[in-house]
Amino acid sequence: MLEKSMLNNLLIDPAYIIAGLGGLTALLLLMVIVSLFKMAKLKKQYSKFMMGSEAVSLEEMIQNQAALIDKLNRENAEIQKKIQDMDNNIQICYQKTGIEKYDALKGLGGQISFAMALLDKSNTGIIMNSIHTREGSYLYMKTIENGKCELALGREEQKALDKAIAK
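Residues numbered from 1 in each chain as written. Predicted model: local features only at pLDDT ≥ 70, side-chain atom pairs only at ≥ 80, totals over all residues. Heavy atoms only, no water.

**Topic: the overall build of the protein**
Inference 1: Assigned secondary structure in the protein consists of three helices and four strands.
Inference 2: Secondary structure elements of the protein, listed N to C terminal, follow the sequence α-α-β-β-β-β-α.
Inference 3: Its C-alpha radius of gyration of 46 Å places the protein more than 25% over the 15 Å reference for a compact globule of 167 residues.
Inference 4: Along the first, second and third principal axes, the C-alpha atoms of the protein reach 145 × 40 × 25 Å.
Inference 5: Taking all 167 residues of the protein together, 18% fall into the buried category.
Inference 6: For the protein, long-range pairs separated by at least 24 residues make up 40% of all intrachain contacts whose partners lie at least 6 apart in sequence. (Helix = DSSP H or I, 4+ residues; strand = E, 2+ residues; numbered from the N terminus. Rg over C-alpha atoms; globule rule 2.2 N^0.38 Å. Buried < 20%, exposed > 50% of the residue type's maximum accessible area, 1.4 Å probe, protein only. Contact = heavy atoms within 4.5 Å.)

In structure tokens:
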């Protein structure tokens, strides 16, 4: 019966072919087992991802995150408005100063008199001139609009104003 078999016409012993196929089968079986373990691990990770640590579904997690994002956007808008309000307030605060000390009595009283300019960003503000004499101290104030004063400025007042504008 084996005399008419097609395996007799091969140049290789059929035992080697059978052994090779057996080895290939063992290798494929090993690959299937490894694939099953990997699939089980992925299934476990997928279940954990879909259920979360507190059994919250993925849809609930997305809805919660969307609500949190909406809340953060509202809070951010409020913060941006507050920052804009503060920026607007800063524009009208005194930001620039210039001080010029001088001797009102020309050598008799020391340099305890002064002119001080306080200006905002647009060079609008006031100049205060404190004159100290033997009889007392006097404080005068003049308003400044865009770096200019409607009243005549004394030399010390002009120096104080120039120092403030230069900042």
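**Section: the pattern of salt bridges**
Inference 1: Evaluated as defined, the whole model comprises five salt bridges.
Inference 2: Lys163 serves as the salt-bridge partner of Glu100, at 2.8 Å between the closest nitrogen and oxygen. Placement of the pair is Glu100 in strand β1 (residues 96-102) and Lys163 in helix α3 (residues 155-166), with a sequence separation of 63 residues.
Inference 3: Overall, Lys163 belongs to the partly exposed group, its relative accessible area being 38%.
Inference 4: Between Glu157 and Lys142 there is a salt bridge, and its shortest N-O distance comes to 2.9 Å. Taken together, the residues Glu157 in helix α3 and Lys142 in strand β4 (residues 137-144) connect sequence positions 15 residues apart.
Inference 5: Classification of Glu157 as buried rests on a relative accessible area of 4%. (Salt bridge = Lys/Arg side-chain N within 4 Å of Asp/Glu carboxyl O.)

**Notes on the nonpolar core**
Inference 1: If you look at the biggest cluster of nonpolar residues, it comprises nine residues: Ala115, Ala117, Leu119, Ile127, Ile144, Cys149, Ala160, Leu161 and Ala164.
Inference 2: Secondary-structure elements contributing two or more residues to this core are β2 (113-119) and α3.
Inference 3: Sequence-distant contacts of Leu161, that is, excluding residues within four places in its chain, are made with Ala117, Leu119, Ile127, Ile144, Gly147 and Leu153. (Core = buried A, V, L, I, M, F, W, Y, C linked by side-chain atoms within 4.5 Å.)

**Concerning the side chain of Lys96**
Inference 1: If you trace the backbone, Lys96 turns up in strand β1.
Inference 2: One buried charged residue, Lys96, remains without a salt bridge, the closest side chain of opposite sign being Asp120 at 7.1 Å.
Inference 3: Separated by 2.8 Å, the side chains of Lys96 and Asn123 make a polar contact.
Inference 4: Each residue touching Lys96, except ones within four places of it in the same chain, is listed here: Ala117, Leu118, Leu119, Asp120, Lys121, Asn123, Ala164, Ile165 and Lys167. (Lys, Arg positive; Asp, Glu negative; His and termini not counted. Polar contact = N/O pair within 3.5 Å; in protein donor to acceptor, adjacent residues only side chain to side chain.)

**Notes on unusual backbone geometry**
Inference 1: In this model, Asn123 sits at a positive phi of 60 degrees, which is unusual for a non-glycine residue.
Inference 2: Considering the arrangement of structural elements, one finds Asn123 in the loop between β2 and β3 (125-132).
Inference 3: One non-glycine residue, Asn146, adopts positive backbone phi at about 50 degrees.
Inference 4: Looking at the secondary structure, you find Asn146 in the loop between β4 and α3.
Inference 5: Given a relative accessible area of 55%, Asn146 falls into the exposed group.

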